[in-house]
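Each chain, letter by letter, is given below.
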Amino acid sequence: MSYFKTAKPFVIAGPCSAETREQTLETAAALSKMNVQLFRAGVWKPRTRPGSFEGNGPDALVWLQEAKQTYGLPVTVEVAEPEHIELALKHDIDVLWLGARTTVNPFQVQRLADALKGVRIPVMVKNPVNPDVNLWHGAIERLEQAGIEQVAAIHRGFSGYSSAAGYRNQPNWPIAIELKRRRPELAMICDPSHITGARNRIAEVAQKALDMRFDGLMIETHPRPDEAWSDAAQQVTPEALKTILAQLTVREEFTTDMSSQVQLEYLRQVMDSLDAEIIDLIARRMELSEKMAAVKSVCNMTAYQPARWREIVETRSERAAMHQMPKEFIIDVYEKIHHESIRKQLSVLAELNKGALTK
Ligand code: PEP
Ligand code: MN
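Residues numbered from 1 in each chain as written. Chains lettered and ligands numbered in written order. Predicted model: local features only at pLDDT ≥ 70, side-chain atom pairs only at ≥ 80, totals over all residues. Heavy atoms only, no water.

Draft legend 1. Quick peek at the coordination of the manganese ion (ligand 2). Binding of the manganese ion (ligand 2) to the protein goes through C16 (SG), H194 (NE2), E220 (OE) and D231 (OD), at separations of 2.0 to 2.4 Å. Sequence spacing among the residues donating to the manganese ion (ligand 2) works out to C-x177-H-x25-E-x10-D. Taken together, the residues H194 in helix α8 (residues 192-196) and D231 in the loop between β8 (216-220) and α10 (238-247) connect sequence positions 37 residues apart. H194 sits in the buried class, given a relative accessible area of 8%. The class of D231 is buried, set by a relative accessible area of 16%. (Donors = N, O, S within 2.8 Å, 3.2 Å for Na, K, Ca; no water. Helix = DSSP H or I, 4+ residues; strand = E, 2+ residues; numbered from the N terminus. Buried < 20%, exposed > 50% of the residue type's maximum accessible area, 1.4 Å probe, protein only.)

The following block contains the structure:
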């Protein structure tokens, strides 16, 4: 059983940074009375530009240790150097995490994995800053190969040039789902604080994660968020966290409710037969492609015709709009169909060319 699946959802909360002993203890005291499983606080802060607060280092580890002893909450910190691991272990830290700016660098991840050989501690791996599922998966594998058994992935969004949709780090749910598809047993945590960068949007992203069967949430919590030394706009008070958690709907993959099961079963059967029709129609479309290739061969036309592709994009997008379907989605689908159609035409042309050459 994964350590990160021992509560539903598994909640990690605490300040972006451990700023002072008082702030650390005050936050831990409040969270220890709530449904929170793990207390987080940044001790070494990876800041994008120099000159910002970079964490209190080993002093803060002492405060965390005191918070743990006083309030009984297990604690977690971000580590980015083998030396951080050594110090964190010396101070009895329960769980470690790798930040987005560390996961992006395989050399550094390997150095950390080497430092963890022979150590039994759960480790969480944030997604890298760029949307690359292999890099994220690779970092997890490096830790597993070093013998770390309890691993969780944290989706904290991906940085981009513009903050589209008003997010600080754009979530990429398909990438998180792909990782879940590859590693179904892996615990998946969502960090709506770093995704949104804005405290008023945390609840909506947290709910979306639970709707997608994420196992846990990491939410930055500070007694006086507006005064925080880092990430002020996205931190919430322990009181606000309590409200967010109380309002979440926790969903299950399966239900024991018979009437819902029957309704779903019916809808699935209809969907199965529609899918069969879709596949049969695509097959008919491919047959037409092959016939067209034979015509193109006779009059020396190319398999790929950019003007035709533009026309497909335009007309299919219009059709999709009639059903309120996003244009990008239908273009994606048609790119795949069109590629396959061109591949078929090229193989027909190659066969006919061969015939012509041997004549
Ligand atoms: C953090 O959790 O405070 C942090 C620095 O996160 P990230 O690595 O996601 O930027
Ligand atoms: Mn932060």
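Draft legend 2. Main features of the nonpolar core. In this structure, V77, L96, L116 and L241 are the most contacted members of the largest nonpolar core, which totals 67 residues. Leaving out residues up to four positions away in the same chain, L241 has contacts with A13, L31, M34, V36, I219, T221 and V236. If you look at the next biggest cluster of nonpolar residues, it comprises 12 residues, including F4, W97, M124 and I189. (Core = buried A, V, L, I, M, F, W, Y, C linked by side-chain atoms within 4.5 Å. Contact = heavy atoms within 4.5 Å.)

Draft legend 3. Structural context of the site of ligand 1. Near ligand 1, the surroundings consist of C16, R40, K45, E78, W97, G99, A100, R101, K126, R156, H194 and E220. At a separation of 2.8 Å, an oxygen atom of ligand 1 approaches a polar backbone atom of A100. R101 is positioned such that a nitrogen or oxygen atom in its side chain is 2.9 Å from an oxygen atom of ligand 1. Taking 300 Å² as the accessible area of ligand 1 by itself, protein coverage stands at 96%. For the shell around ligand 1, the class distribution of residues is three nonpolar, two polar and seven charged. (Near = heavy atom within 4 Å. Polar contact = N/O pair within 3.5 Å; in protein donor to acceptor, adjacent residues only side chain to side chain. Areas by Shrake-Rupley, 256 points an atom, 1.4 Å probe, with all protein chains shown as cover. Nonpolar A, V, L, I, M, F, W, Y, C, P; charged D, E, K, R; others polar.)

Draft legend 4. The sheet that holds strand β5 (residues 123-126), seen in detail. One closed barrel accounts for eight strands, arranged β1-β2-β3-β4-β5-β6-β7-β8; its pairing is parallel. Between one strand axis and the next, the sheet turns by 25 degrees as a mean value, whatever way the strands run. Here strand β4 (residues 95-98) pairs with β5 via three bridges, running parallel. Residue pairing for β5: W97 is matched across the bridge by M124. On the sheet, helix α2 (residues 58-71) packs against β2 (38-40) and β3 (75-78) and is oriented at approximately 160 degrees with respect to β3. (Pairing = 2+ DSSP bridges. Axes fitted to C-alpha atoms, helices over the stretch in contact; angles between N-to-C directions.)

Draft legend 5. Region of interest: the domain arrangement of the chain. If you check the domain split of the chain, you get domain 1 (3-247) and domain 2 (258-358). Using only C-alpha atoms to locate each centre, domain 1 and domain 2 end up separated by 43 Å. (Domains from an automatic or database assignment.)

Draft legend 6. Region of the structure containing helix α6 (residues 133-145). Counted at 1.5 Å a residue, the expected span for α6 with its 13 residues is 18 Å, and the 18 Å between its end C-alpha atoms agrees. Within α6 the residues assigned to the buried category are V133, L135, W136, H137, G138, A139, I140 and L143. In this structure, the buried residues of α6 make contact with β4, α4 (100-103), α5 (106-115), β5, β6 (151-155) and α7 (173-182). For α6, the N-terminal cap is D132; the gap from its side-chain oxygen to the backbone nitrogen of N134 is 2.9 Å. (Expected span 1.5 Å × (residues − 1).)

Draft legend 7. How the structure looks around the side chain of Q234. In this structure, Q234 sits in the loop between β8 and α10. Here Q234 falls in the buried class, since its relative accessible area comes to 2%. At 3.3 Å, the side chain of Q234 forms a polar contact with the side chain of H194. Sequence-distant contacts of Q234, defined by excluding residues within four places in its chain, comprise R168, S193, H194, G197, A198, R199, I202 and E220.

Draft legend 8. Seen up close, the state of the cysteines. In this structure the tally under the stated criterion is zero disulfides. Left without a disulfide partner, C190 is nearest to the cysteine sulfur of C16, which lies 16 Å away. Here C190 falls in the buried class, since its relative accessible area comes to 0%. (Disulfide = S-S within 2.5 Å.)

Draft legend 9. Focus on a nonpolar patch on the surface. On the surface, a nonpolar cluster with roughly 470 Å² of combined accessible area is contributed by L264, Y266, L267, V270 and L274. Here L274 is to be found in helix α11 (residues 258-298). (Patch = residues over 30% accessible without salt bridge, like charges linked within 9 Å, V, L, I, M, F, W, Y side chains within 5 Å. Salt bridge = Lys/Arg side-chain N within 4 Å of Asp/Glu carboxyl O.)

Draft legend 10. Seen up close, the packing of aromatic side chains. All chains considered together, the criterion is met by five aromatic pairs. Relative to F10, the ring of Y3 has its centre 5.3 Å away and its plane inclined at 65 degrees; by these criteria the two rings are edge-to-face. Here a set of aromatic residues connected by ring pairs shows up, and it is made of Y3, F4 and F10. Positioned above the aromatic ring of Y167, the side-chain terminus of R201 is 4.4 Å from the ring centre. If you follow R316 out to its NZ or CZ, it ends over the ring of Y334, 5.8 Å from the centre. (Phe/Tyr/Trp six-rings, centres within 6.5 Å; stacked < 30°, edge-to-face > 60°. Lys NZ or Arg CZ within 6 Å of the ring centre and 35° of its normal.)

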